[in-house]
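Structural overview
What follows is the residue order along each chain.
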Amino acid sequence: MIGSDDIWSPVRLTLELATVTTVVLLLVGTPIAWWLARSRARWKEAVAAVVALPLVLPPTVLGFYLLLALGPNGPGGWIAGFYGARSLAFTFAGLVIGSVLYSLPFVVQPIRNAFEAFGERPLEVAATLRASPRDAFWSVAVPLARPGFVTGAVLGFAHTVGEFGVVLMIGGNIPGETRVLSVAIYDYVETLQWTQAHILSAAMLAFSFAVILGTFQLERRLRRTGS
Amino acid sequence: MSTRDGTIDARFTGRLGGFALDAAFRAPAYGVTALFGPSGCGKTTLLRCVAGLERMAGRLAVAGDIWQDDARGRFLRTHERPIGYVFQEASLFPHLSVRRNLEFGQARTAPADRRVRFAEVAELLGIVDLLDRRPAGLSGGQRQRVAIARALLTSPRLLLMDEPLASLDQISRDEILPFLERLHDELAMPVLYVSHSAEEVARLADHLVLLDAGRVRASGPIAELRARLDLARGTGSDADAIVDCRVAGHDDAFHLSYLDFPGGRVSVPRHDLPVGRAVRLRVLARDVSVTLAPQTGTSILNIFPAVVEELAEESAAQLLVRLGVGGTPLLARITRKSAALLDLAPGRAVYAQVKAVALLA
């Protein structure tokens, strides 16, 4: 029998995972989005397609390859060897890696669109006002792309909260380590614990609604003050 | 390194999309130099090359400093060049207030190089009351004035302006032109000014670089270039001469102002200008006619003795005539038949009748 304390453990773990993942996504996704928006390389659309793959790929397929990569015989196992572990699969760190890859398009796309929306001109203006490219990125590009960053961060966070297939493949169901919300709900239903499933599902529903509503309103406010 | 010779020396060749530029010019590094020509002639591309926003093969030296020299592998990037740039659209940063827009470039200019003062520029361009506003709330003319002030506050050694009036309506244009003229008079800063408007160029420029299809057709002081018949031909009703004058006095009874130039005295409807002030007149070729004897009994006041210097056929019916009026060139457009009847030829003494002049500044 699972006590009332345990029902919130997956919630805490999920929020923790989503927060860490979102931070990593912004750090990794911003340079990719910048490059995709500015580069004139021919093969950049191929890179864009790779980034967008999780949109169409079944999560189980992504999870399967991740399982191989994170496992003892993949690069993940090699990295895990540095701190005496055998594998990154079925660990929190492995979940973060999987979530980042899975949610990458949801962060890269809005930020790339925002970078592309304001075009070359503001950066040229900044250059004629003595701003180096690095300076112009921080003082002009990032503030102008703020709505894109907000959308990307919210989508990345929410998408990570809701993921199921990838987690099931590479995370399993270890309480406190990889047993996130969606897995817990699935588990409750499988074991016919309808009350707990109801509580968590209703909470998820309310949370998702609040996130989307909040994003829409924030975006509208940013666009009003931004231009 | 070359010596500080006080000139802008530019040579660029290259392609951009389907467009080929092969342009070289030398202009004084003081006063306003207009890059003038029809749309698509490459004047904006040339200006962007000077700013380093576009990179083409070539060489560029400004007052002795080398900004680009491919032979030595030298190319200053845009932010390393001491320029100010005013784009066709104001392009203010929408996320910053007017004040922060103005401070953007000033803050990035080394304190030792700051020669232009914030309060002075805000005053000069009439934007003191706008400082705390957002760009989105400004009119087109106000935005462009802020953009000009923002460029000036980097204390540029060369100010580049790309048709700063082209995107504005006539009212905003009339609102900005006086500011540009004051800039010219009050800040000793060399300006490269791109324009396709003959009138704007006549008002503002001291020096002219004529561009056509990516090449420089001619370059020189404006009065000299405007009077060259080979260049004036084909400009249609725009053919004109520029006459620099000084205000000599006013006639209160008839409400006229008298303007003196080396060839004589011009009467114009009274303007409130101080005596001694330098002004510039634009005289269109279609407003000038030629007679052999001084006319009496005419309503035209401005009649000057002149000498025919050159004639050039403009069409089967019309000729352009360059007249020397005490050393100042004027253009007249007359019919070939008139020229034959008057027996006009270089060296012939005539009288120029000027029906109308436009006072530019």
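Keep in mind it's a predicted model, so treat the numbers as computed, not measured.

What follows deals with the nonpolar core. Membership of the largest hydrophobic core comes to 77 residues, with the highest contact counts inside it found for F115 of chain A together with F25, L35, L160 and L192 of chain B. Of the residues forming this core, the biggest block, 11 residues, is contributed by helix α5 (residues 92–117) of chain A. In this structure, L35 of chain B is in contact with F25, K43, L46, L47, L192, Y193, V194, S195, V209 and L211 of chain B, ignoring residues within four places of it in sequence. Residues L165, A198, I222 and L360 of chain B belong to the second largest nonpolar core, which totals 51 residues.

Residue and element names in this part refer to chain B. Across the sheet, 6 strands lie side by side as β7-β8-β9-β3-β10-β11; this open sheet has mixed pairing. Looking at the sheet topology across the chains shown, the edges are occupied by β7 (83–86) and β11 (215–221). When the angles between neighbouring strand axes are averaged without regard to direction, this sheet yields 15 degrees. As paired elements, strand β8 (residues 158–162) and strand β9 (residues 191–195) share 4 bridges and run parallel to each other. Looking at the pairing, M161 lines up with Y193 of β9.

With that out of the way, let us pick up the environment of R226 of chain B. Along the chain, R226 of chain B turns up in helix α7 (residues 222–226). Along the backbone, R226 of chain B and L204 of chain B are 22 residues apart, and their C-alpha atoms lie at a distance of 14 Å.

Further remarks concern the domain arrangement of chain B. Residues and elements named next belong to chain B. Here the domain parsing of chain B yields domain 1 (7–226) and domain 2 (236–359). For domain 1 versus domain 2, the distance between C-alpha centres works out to 33 Å. Buried surface at the junction of domain 1 and domain 2, summed over both partners, amounts to about 680 Å²; 48% is from carbon and sulfur atoms. When the buried surface of domain 1 facing domain 2 is broken down by residue, A202, A223 and R226 rank first, second and third, together holding 59% of it. The interface formed by domain 1 and domain 2 holds 1 salt bridge in total.

Our focus in this paragraph is the sheet that holds strand β6 (residues 74–75) of chain B. All names here are of chain B. Overall, antiparallel pairing links the 5 strands, which are arranged β2-β1-β4-β5-β6 in an open sheet. For this open sheet the edge positions go to β2 (19–28) and β6, each flanked by a neighbour on one side alone. Bridge count for strand β5 (residues 65–69) against β6 is 2 bridges, and the pairing is antiparallel. In the sheet register, D69 faces β6, and the bridge partner there is R74. The sheet strands contacting helix α1 (residues 43–51) are β1 (7–16), β2, β4 (57–62) and β5, and the helix crosses β2 at an angle near 65 degrees.

Counting through the fold element by element, T291 of chain B comes out in strand β16 (residues 288–291). When residues no more than four places from it in sequence are discounted, the contact partners of T291 of chain B are V350, Y351 and Q353 of chain B.

Residue and element names in this part refer to chain A. By the criterion of burial, helix α6 (residues 121–128) is predominantly enclosed, with 7 of the 8 residues buried. For α6, every residue scored as buried is listed here: P122, L123, E124, V125, A126, A127 and T128. Residue R130 follows α6 closely and has a positive phi angle near 75 degrees.

Conventions and cut-offs
Residues numbered from 1 in each chain as written. Chains lettered and ligands numbered in written order. Predicted model: local features only at pLDDT ≥ 70, side-chain atom pairs only at ≥ 80, totals over all residues. Heavy atoms only, no water. Core = buried A, V, L, I, M, F, W, Y, C linked by side-chain atoms within 4.5 Å. Buried < 20%, exposed > 50% of the residue type's maximum accessible area, 1.4 Å probe, protein only. Helix = DSSP H or I, 4+ residues; strand = E, 2+ residues; numbered from the N terminus. Contact = heavy atoms within 4.5 Å. Pairing = 2+ DSSP bridges. Axes fitted to C-alpha atoms, helices over the stretch in contact; angles between N-to-C directions. Domains from an automatic or database assignment. Buried area = accessible area lost by both parts, 1.4 Å probe. Salt bridge = Lys/Arg side-chain N within 4 Å of Asp/Glu carboxyl O.

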